[in-house]
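# Commentary on secondary and tertiary structure
Chain residues, written in single-letter form:
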Amino acid sequence: MNVHLKFICNNEYVETDINPSVTVLDFLRLQKHLTGTKEGCREGDCGACTILVGEMTGNFIRYKSVNSCLLPVSEIHGRHIVSIEGLNVKGMSPFQETLVNEGGTQCGFCTPGFVVSFASFLLSTDSFDTETALSFLGGNLCRCTGHNRIISAVEKTLSGFNGGAATSFSERVGLLKNKNFLPAYFADIPERLKSIQREHKIFEGAENAVFVSGGTDLFVQQGDSLTEKNTVFLSGVLKGEKIWIEGDELFLSAAATVSDLENSEIINRIFPTFKDLSKLFGSLQIRNRATLGGNINNASPIGDMSVFLLSLNAKVFLSNGKTIRSLYLKDYFKDYKTLDRNEDEFTQKFSIPLPRGGYKLSFEKVSKRTYLDIASVNTSLYIEYDSVITKAGLSAGGVSPVPLFLKESSGFLIGKEISSSTLVGLVEAALGEIKPISDVRGSAEYKTLLLGRLLRAHFLKLFPEVIKAEDALC
Ligand SMILES: Cc1cc2nc3c(=O)[nH]c(=O)nc-3n(C[C@H](O)[C@H](O)[C@H](O)COP(=O)(O)OP(=O)(O)OC[C@H]3O[C@@H](n4cnc5c(N)ncnc54)[C@H](O)[C@@H]3O)c2cc1C
Ligand code: FES
Ligand code: FES
């Protein structure tokens with residue numbers, strides 16, 4: 001069934017009747033004939049299809065880079081999408097010119113994606129340094145030039161560049177326009193976007209519904225076949241606050257993305273080490289779309305967010321549009337890819353007890369590539385302690401058919417002092433509790449060894465004053 005969508009594509013106001021599950025990549029290339037956006041892997045890996053999606057936040061538009069190959073058109077209603085053509089300026093922008101001069105482009109297939117990601121950096125940051133720029137470009141791969149030439153183009157473009165603090169959208173856009181990074185039409189987008197409202201939808205049940213959140217998993221697994229299904233886009237249903245505190249609990253909407261958490265003042269205050277986790281989760285384009293709800297409900301045994309939330313003793317809230325029920329996340333995962341969820345239920349939110357007293361959180365992950373890869377084994381450890389440990393949550397992924405809350409091991413820690421003998425006991429308890437299998441991400445023996453090493457890494461990182469490297473190698 002088609003839906004009626006209104007949005008701005010580059011400098012053009014668009015109204016269209018379209019199947020909501022068509023990807024923005026296909027819309028741009030096949031319907032608008034904007035072929036600058038490239039189709040590489042169609043799996044969120046290469047970044048050749050990167051576009052910007054701009055959304056009104058107060059009087060400001062926040063632009064995020066996303067992979068258009070995994071983005072359904074329903075998500076761009078009321079938004080500004082920018083493809084490489086929408087960044088055209090007189091001649092070439094300084095970054096494009098430097099890419100050419102530095103030999104940072106050969107076949108040019110990846111170049112539009114790099115240029116769009118660089119524009120997202122210029123529009124989003126107050127830190128105009130190479131390191132920050134490269135964190136925006138991390139999800140873009142070049143297969144023929146080699147990344148050194150591109151890094152050199154970034155360095156040269158930024159040398160002596162000052163973008164100012166982004167206090168006002170018009171100021172930032174004005175500056176980027178004057179420096180020939182952005183076309184002038186960007187300045188009018190807030191006014192034009194205000195007239196297109198995004199509506200809140202109420203879910204009243206749907207037969208055989210396929211719930212779509214960020215789509216970063218669904219569109220890889222099911223892609224084109226989603227246009228034939230009864231898709232329910234949860235971004236329209238789960239509106240409102242993403243991260244909030246009520247009483248002594250922290251609430252996270254199922255629609256909160258990894259980037260939402262990464263940029264949240266509340267999360268950074270309560271769990272400053274969340275950044276360690278998010279750095280290891282996909283690319284920026286993926287983190288900008290990947291939601292907590294999607295990570296838990298794809299039921300992957302190695303979901304990073306599942307492992308994070310399990311260690312914090314999270315509860316999951318399920319709604320069918322009429323009633324809401326809640327259960328502990330550790331009870332939600334029943335068996336491989338099997339959840340305690342009825343067909344008509346979707347995850348609405350999660351709650352976490354607020355930490356009390358002294359507490360620490362550590363997340364560790366080993367994957368074939370350090371960055372942009374899913375885990376072979378991941379684990380999270382949450383501890384509250386005084387002179388002894390008073391509360392503990394240990395979880396691990398990749399060592400059983402489900403993301404696992406290690407109940408016995410967590411219990412073992414209660415009442416123990418932070419010491420190398422506690423660590424030895426914990427490793428023994430944890431390795432007795434897991435049931436890894438051999439698969440493409442490693443043999444069962446390798447995963448067992450990894451978990452032992454990662455538990456030692458937790459303790460070394462959290463308690464360096466007590467645990468020494470030689471203790472951790474025990
Ligand atoms: C290139 C790439 C890198 C990745 N890297 C990582 C990584 O490092 N770590 C990691 O853990 N994952 C990774 N992923 C997997 C994926 O991005 C995450 O699992 C993500 O959190 C899924 O969220 P989503 O919102 O995109 O889910 P979607 O694709 O929208 O949905 C996934 C599943 O959950 C269901 N669902 C979604 N939301 C709800 C809800 N609220 N209630 C009920 N069901 C729901 C959907 O029906 C679907 O079955 C990666 C994926 C890609 C393509
Ligand atoms: S085509 Fe490779 S990330 Fe989209
Ligand atoms: S220039 Fe060919 S892939 Fe980058």
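Reading the values: rules and limits
Residues numbered from 1 in each chain as written. Chains lettered and ligands numbered in written order. Predicted model: local features only at pLDDT ≥ 70, side-chain atom pairs only at ≥ 80, totals over all residues. Heavy atoms only, no water. Helix = DSSP H or I, 4+ residues; strand = E, 2+ residues; numbered from the N terminus. Buried < 20%, exposed > 50% of the residue type's maximum accessible area, 1.4 Å probe, protein only. Contact = heavy atoms within 4.5 Å. Near = heavy atom within 4 Å. Polar contact = N/O pair within 3.5 Å; in protein donor to acceptor, adjacent residues only side chain to side chain. Areas by Shrake-Rupley, 256 points an atom, 1.4 Å probe, with all protein chains shown as cover. Nonpolar A, V, L, I, M, F, W, Y, C, P; charged D, E, K, R; others polar. Domains from an automatic or database assignment. Pairing = 2+ DSSP bridges. Axes fitted to C-alpha atoms, helices over the stretch in contact; angles between N-to-C directions. 1 Å grid on protein atoms, 1.4 Å probe; cavity = no way out; pocket = protein on both sides within 12 Å on 5 of 7 lines; lining within 4 Å. Points joined across faces, edges and corners; volume = space filled by probe spheres on them. Salt bridge = Lys/Arg side-chain N within 4 Å of Asp/Glu carboxyl O.

### What to know about the environment of valine 116
Here valine 116 is to be found in helix α3 (residues 111-124). The buried category is assigned to valine 116, whose relative accessible area is 1%. Measuring from C-alpha to C-alpha, the distance between valine 116 and serine 135 comes to 14 Å, with 19 residues separating the pair along the chain. Beyond its immediate stretch of four places on either side in the chain, valine 116 contacts Thr50, Ile51, Leu52, Ser83, Ile84 and Leu87.

### Looking at the site of ligand 1
The full set close to ligand 1 counts 34 residues, and Phe211, Ser213, Gly214, Thr216 and Thr291 are the nearest of them. A distance of 2.9 Å separates an oxygen atom of ligand 1 from a polar backbone atom of aspartate 217. For ligand 1, the protein covers 92% of the area, taking 980 Å² as the surface of the free molecule. It is helix α13 (residues 292-297) that provides the largest number of residues to the shell around ligand 1, a total of 4 residues. Among the residues forming the shell around ligand 1, the class breakdown is 12 nonpolar, 14 polar and 8 charged. Viewed by domain, the shell around ligand 1 spans two of them, domain 1 (3-194) and domain 2 (241-472), each represented by three or more residues.

### Some thoughts on the pairing of strand β2 (residues 12-18)
Two strands pair when backbone bridges link them, and strand β1 (residues 3-9) and β2 are joined in this way by 7 bridges, in the antiparallel orientation. From the neighbouring strand, phenylalanine 7 faces β2, where its bridge partner is valine 14. Hairpin geometry of β1 and β2 is characterised by an intervening segment of 2 residues between the two adjacent antiparallel strands and by a positive phi of about 55° at asparagine 10.

### A few points about the sheet that holds strand β18 (residues 404-405)
Spatially, the 4 strands line up as an open sheet ordered β15-β16-β17-β18, and their pairing is antiparallel. Every interior strand has two partners, whereas the edge strands, β15 (358-366) and β18, have only one. Sheet topology note: the strand β16 (residues 377-385)/strand β17 (residues 389-397) ladder contains 8 bridges and is antiparallel. Looking at β17, one finds that leucine 381 is bridged to leucine 394. Of the strands in this sheet, β15, β16, β17 and β18 touch helix α14 (residues 304-311), which is tilted by about 20° from β16. Relative to the sheet, helix α18 (residues 444-462) contacts β15, β16 and β17, its axis offset from that of β15 by approximately 145°.

### Remarks on the side chain of serine 410
Here serine 410 shows up in helix α16 (residues 407-413). A distance of 2.7 Å separates a polar atom in the side chain of serine 410 from the backbone oxygen of leucine 406. Setting aside anything within four residues of it in sequence, one finds serine 410 in contact with Ala392, Gly393, Leu394 and Phe405.

### Considering empty space enclosed by the protein
Following the criterion strictly, the structure yields 3 cavities of 30 Å³ or more and no others. Around the largest cavity sit Leu87, Ser93, Phe95, Gln96, Val115, Phe118, Ala119, Leu122 and Phe181, which together line it. The set of elements that each furnish at least two residues to the lining of the largest cavity consists of α2 (94-101) and α3. Tallying contributions element by element places α3 first for the lining of the largest cavity, with 4 residues. Considering only residue class, the lining of the largest cavity consists of 7 nonpolar, 2 polar and no charged.

### What about the domain arrangement of the chain?
Quoted interface sizes are often the accessible area lost when the parts come together. Along its sequence, the chain is carved into domain 1 (3-194) and domain 2 (241-472). Domain 1 and domain 2 are separated by 33 Å when their C-alpha centres are compared. Domain 1 puts 18 residues into the contact, and the matching count from domain 2 is 9 residues. Our count for the domain 1 to domain 2 interface comes out at 2 salt bridges. Aspartate 260 is the salt-bridge partner of lysine 64, the closest N and O atoms lying 3.9 Å from each other.

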